[in-house]
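# Understanding the architecture of this molecule
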Amino acid sequence: VLLRSPGTRFRPLSFEVPKPLFPVAGVPMVQHHIEACAKVPGMKEILLMGFYQPHEALSRFLVSAQQEFKIPIRYLQEYAALGTGGGIYHFRDQILSGGAEAFFVLNADVCSEFPLQEMLEFRQQHGDAHSFVILGTTANRTQALNYGCIVANANTQEVQHYVEKPSTFVSEIINCGIYLFTPAIFQHIGEVFQRNQQELVLEENSNGWQRAEVIRLEQDVFTALAGSGKLYVYQTDGFWSQIKSAGSAIYASRLYLNQYSKSHPERLAQNKPGGPIIRGNVYIHPTASIDSTAVLGPNVSIGEGVTVGAGVRVRESIVLHGASLHDHTCVLNTIVGWDSTIGRWARVEGTPSDPNPNDPYAKIDSETLFRDGRLTPSITILGMSHPPQPRGAESLPSCSPSRTPSTGCSVTIPAEVVILNSIVLPHKELSRSYKNQIIL
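Now for a look at the structure at hand. (Residues numbered from 1 in each chain as written. Predicted model: local features only at pLDDT ≥ 70, side-chain atom pairs only at ≥ 80, totals over all residues. Heavy atoms only, no water.)

Let's shift gears to the overall build of the chain. Counting its secondary structure elements, the chain contains 9 helices and 35 strands. Out of the 440 residues in the chain, the part that is buried amounts to 53%. Long-range contacts, defined as pairs at least 24 residues apart, comprise 59% of the intrachain contacts of the chain with a sequence gap of at least 6. Put simply, the chain shows about 19300 Å² of open surface, and 48% of that area lies on carbon and sulfur atoms. (Helix = DSSP H or I, 4+ residues; strand = E, 2+ residues; numbered from the N terminus. Buried < 20%, exposed > 50% of the residue type's maximum accessible area, 1.4 Å probe, protein only. Contact = heavy atoms within 4.5 Å. Areas by Shrake-Rupley, 256 points an atom, 1.4 Å probe, with all protein chains shown as cover.)

This is how it looks when you write it as structure tokens:
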């Protein structure tokens, strides 16, 4: 997102876009980013950047988002995965067109309050006109090793040292994947590109030019900029989390729903006569059909066209478009995929992977799928591998919310069974209970 000062022009916001349309708290993941960017005064244009093939669902989303936020939004497709720095360097001419003075870069696999205006004000108070700002937050000493770690001057907040995922403790300040740059950043990225070219010039590899353009902001650029007086960190106390796994999506949904209670209470369901029982923060799409005896919440997101029967209990879960929960089902810590069906009196439950509630700086752990040869207990997932896509779109990214009448995840859970800590791939009709399994 390129920013400007009053009277000057500025343009785009750039993203790396992994699964950008997966619904979190009732809207596509990347819509939270766009909404935050659109609030910055003078925002000129938003660019989504990734190497996924454009498809119908993305096109519809872009049209809808432009109409809602009244700002131009475009998608730029990389010819290959070029890394967090290579992508913006490849499209630098488009980013800089119009005489941009500054721009934000946001990774799409994070959730946050996105204090973009605060970062802009911080930059005006620190450094010079060509300095750059990283959004940082505090993690505990153990989990900090899983992120980029920042050592900053306590008075000026200048970044003096940067290490990506160090092997030993460096700092409790971690990189949030949200940056404020000026066009001067392309000079530093260009130096990395030229160095990569020189290192590959003697290699007899036809793919060398592509490899030279793969650039990582964190390892290749920030490490070199640290201590140069050009890089600063703005530390936030607001919520932030990565969205690397299905379990972290449920946690991110909780964070956004809690934010809705303060910033957009109209988006949350309320207890009304003749309506379902709502506990805590719950989002219900207007087209969903919910029985008045159902109990929803806390932290529940109900998608478009979902049917929830009598006596159903849903907690800490995301129920995606077109799913059907029959009478008296119980759904806990679960993502129910598109067009899936859960039969009467069935119980579908997972194990939450929340941060330690007693540690204010704890972050969610990205658990490996297996531990000691066994499936790691986590949330239950019904049919999330290949969401519905248009015919001929087999190479499109997963987690697109588009649906057609004949496609979908379409997992069917029979009546009176228990599915616990399991992952069920799409188009499965189960006949019995399962525990701690991946059902192919």
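Having seen the model, we can carry on.
On to the pattern of salt bridges, then. Tallying each qualifying case throughout the model produces 9 salt bridges. For D109, the salt bridge goes to K244, with nearest N and O atoms at 2.6 Å. Here the residue D109 occupies a position in the loop between β7 (102-107) and β8 (110-112), and K244 occupies one in the loop between β14 (240-242) and α9 (246-263), the gap between them amounting to 135 residues. Relative accessible area serves as the criterion here: at 12%, D109 is assigned to the buried category. (Salt bridge = Lys/Arg side-chain N within 4 Å of Asp/Glu carboxyl O.)

Moving on to helix α6 (residues 185-200). When the terminal C-alpha atoms of α6 are compared, their 23 Å separation across 16 residues agrees well with the 22 Å that a helix rising 1.5 Å per residue should span. Along α6, the residues that are buried comprise I185, F186, I189, G190, V192, F193, N196 and L200. End-on, the buried residues of α6 take up no more than an arc of 160°, which puts them together on one face. The exposed set on the far side of α6, more than 90 degrees from its buried face, consists of Q187, Q198 and E199. (Expected span 1.5 Å × (residues − 1). Arc of directions from axis to C-beta.)

Taken together, the 5 bridges between strand β5 (residues 46-50) and strand β6 (residues 73-77) define a ladder with parallel strand orientation. Across the sheet, L47 pairs through a bridge with R74, a residue of β6. (Pairing = 2+ DSSP bridges.)

Across the sheet, 5 strands lie side by side as β17-β20-β23-β26-β31; this open sheet has parallel pairing. One side of each edge strand has no neighbouring strand; the edge strands of this open sheet are β17 (289-290) and β31 (412-413). Where strand β26 (residues 341-342) and β31 come together, 2 bridges link them in parallel fashion. Each residue of the ladder has a partner; that of T341, found in β31, is T412.

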